[in-house]
Amino acid sequence: MWIFSSISNGVIRTVKFWKGVLIIWLFSLLLVSAFAFPLKGSLKSGLGNSMITERLSQGIDAETLVDLGAGMKSLFSSFAAGFFFLLILGFLMNTFLAGGLFSSLRGEPQRFSASKFFRSSAENFWPFLIISLVIICLIIFQALIIIIIPVSMVIGSESVTEPEIFNSLIITCSISAFVMLILLLVADYARAWQVAKPGPACFKAIGFGFKETFSTFFSSFSLMLMVVIIQLLFVWLVFELLPDWRPSTGGGILLLFLVSQLFFIIKIMLRTLRYASVTSLMQQRFMTDIILTP
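Described in the following lines is the structure provided in the data block. (Residues numbered from 1 in each chain as written. Predicted model: local features only at pLDDT ≥ 70, side-chain atom pairs only at ≥ 80, totals over all residues. Heavy atoms only, no water.)

**Focus on a nonpolar patch on the surface**
Moving on, step 1. A cluster of nonpolar side chains, namely Phe-141, Leu-144, Ile-145, Ile-148, Ile-149 and Met-153, defines an oily patch on the protein surface of about 580 Å² accessible area.
Moving on, step 2. Of note, Met-153 is situated in helix α7 (residues 125–156). (Patch = residues over 30% accessible without salt bridge, like charges linked within 9 Å, V, L, I, M, F, W, Y side chains within 5 Å. Areas by Shrake-Rupley, 256 points an atom, 1.4 Å probe, with all protein chains shown as cover. Salt bridge = Lys/Arg side-chain N within 4 Å of Asp/Glu carboxyl O. Helix = DSSP H or I, 4+ residues; strand = E, 2+ residues; numbered from the N terminus.)

**Structural notes on the nonpolar core**
Moving on, step 1. Within the largest apolar cluster, 48 residues are counted, with the highest numbers of intra-cluster contacts made by Phe-17, Ile-24, Phe-117, Ile-131, Ile-135, Tyr-189 and Leu-223.
Moving on, step 2. Mapped onto this core, the elements with two or more residues apiece are α1 (2–16), α2 (18–47), α5 (70–105), α7, α8 (162–196), α9 (202–215), α10 (217–241) and α11 (250–292).
Moving on, step 3. Beyond its immediate stretch of four places on either side in the chain, Ile-135 contacts Leu-183, Val-186 and Ala-187.
Moving on, step 4. Ranked by size, the runner-up nonpolar core spans six residues in total, among them Phe-234, Val-238, Phe-263 and Leu-273. (Core = buried A, V, L, I, M, F, W, Y, C linked by side-chain atoms within 4.5 Å. Buried < 20%, exposed > 50% of the residue type's maximum accessible area, 1.4 Å probe, protein only. Contact = heavy atoms within 4.5 Å.)

**Quick notes on the packing of aromatic side chains**
Moving on, step 1. Overall, the coordinates contain 15 aromatic pairs when judged by the stated rule.
Moving on, step 2. Seen from their ring centres, Phe-117 and Phe-118 are 5.3 Å apart, and the 85 degrees between their planes marks the pair as edge-to-face.
Moving on, step 3. With a relative accessible area of 29%, Phe-118 lands in the partly exposed category.
Moving on, step 4. Between Trp-193 and Phe-208, the aromatic rings sit 6.0 Å apart at their centres with planes inclined by 25 degrees, giving stacked as the arrangement. Taken together, the positions of Trp-193 in helix α8 and Phe-208 in helix α9 put the pair 15 residues apart, joining distant regions of the chain. (Phe/Tyr/Trp six-rings, centres within 6.5 Å; stacked < 30°, edge-to-face > 60°.)

Okay, structure coming up:
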């Protein structure tokens, strides 16, 4: 069956791509560190080694945050600006690295080449950027049409009850999640097609993504659903384990950092598995079409 063979091929290609996973992890770590260290310095300079920092180390204390007054407003504005900049830079970085990722996952697993990875990242950056922006706009548009407008109309009704609002949220969010998975499939197929074609052809790639998604809807959607469920289960596991872990020693803090980075590497590998599985499914379909065509 195409679905399971695509996932098994995706696993093999992901394991072979372990050096690329480490490159993506290193770039992500450097990006987050560039934001985290200045923020930590601002907190230390703004709060100092006072009882306030001692109380915050025990968790979020609303009374303490209120007592910070103008200092808290300044820190919050700096955090918001830095976080927005981090999101934009992270989006551009992931778009850049995705070009090398899809290119490395195409075809049979082979020896990883860092130079080829970065060359493919540069070649595919602008087409991948346009594909990503188009898909993001479509995701926002469908959320507006499916969730925000209907739920706002329900809330605006005079005779509405809380269970009705809750039910409308459940229904609309479920439909929106279904549409979002389709759009993610379109994006993955578009990027997989783009790296196989020389030169920028992003809009043709998006058209191919829609065509391929709906012409192989059952197998494609089933594969995407399985991989996304695995990713969600992993996220649930991380949130079950890490929040209650509060080390009090230097060794414990180091161990927490190492474990959190291991989880982040696994997260990158699961995303790579999704890309590799979709690419493998597309290639199997093309090979079958070639064999069946007289």
